[in-house]
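# Secondary and tertiary structure notes
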Amino acid sequence: QVQLVESGGGLVQAGGSLRLSCAASGRTFSSYAMGWFRQAPGKEPEFVTAITWSGGNTNYADSVKGRFTISRDNAKNTVYLQMNSLKPEDTAVYYCAADRSGITAIMDLNDYWGQGTQVTVSS
C-alpha cells in the first residue's frame, strides 16, 4: 500500500512559479513510476507529466512542456513538480499518482493517487 500526500499549492499570479511536492509512504517508493495529473472544474483529469522509478526518463503534456519539470528524490520518498511561467489555464487541482508498471494517461487506471492540492493562477 502506498499513500500519497500532495502539498505546495496556492494562489499565484500569471507568470509566477510554484513547486508542488508529493510525499509517499512505504518503503517501496523507488519501485514506482510517478506522475502528476490535474483536474480543472467541470473537466476530466488531465495527464501532466511522469517520471520513471529511477528518474532517468520523463515525459510531459504538450501544454506544459518547457514550463514544468518533474523530479524525484527516492531517499526522501518525494516527487516534485516545479511549475514556472504559470498561466490562468493551469488552474486546477493537481494530483500525484504512482504505478509499478509505469504511469497511464488515465489517472484512475494507476495504482495509487493522492487527494490533490489546489493551484490557482490569477490573470
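The rules behind each value
Residues numbered from 1 in each chain as written. Predicted model: local features only at pLDDT ≥ 70, side-chain atom pairs only at ≥ 80, totals over all residues. Heavy atoms only, no water. Salt bridge = Lys/Arg side-chain N within 4 Å of Asp/Glu carboxyl O. Buried < 20%, exposed > 50% of the residue type's maximum accessible area, 1.4 Å probe, protein only. Helix = DSSP H or I, 4+ residues; strand = E, 2+ residues; numbered from the N terminus.

Below, the discussion takes up the pattern of salt bridges. Enumeration over the complete set of coordinates arrives at four salt bridges. Note that K65 is salt-bridged to D62, the shortest N-O span being 3.1 Å. Judged by relative accessible area, D62 falls into the exposed class, the value being 66%. The salt bridge partner of D90 is R67, with a shortest N-O separation of 2.8 Å. Of this pair, D90 sits in the loop between β8 (78-83) and β9 (92-99) while R67 is found in the loop between β6 (58-60) and β7 (68-73), placing the two residues 23 residues apart along the sequence. The pair formed by D90 and R67 is uniform in burial state, with each residue classed as buried. Connected through salt bridges with shared partners, the residues R38, E46, R67 and D90 form a single ionic network.

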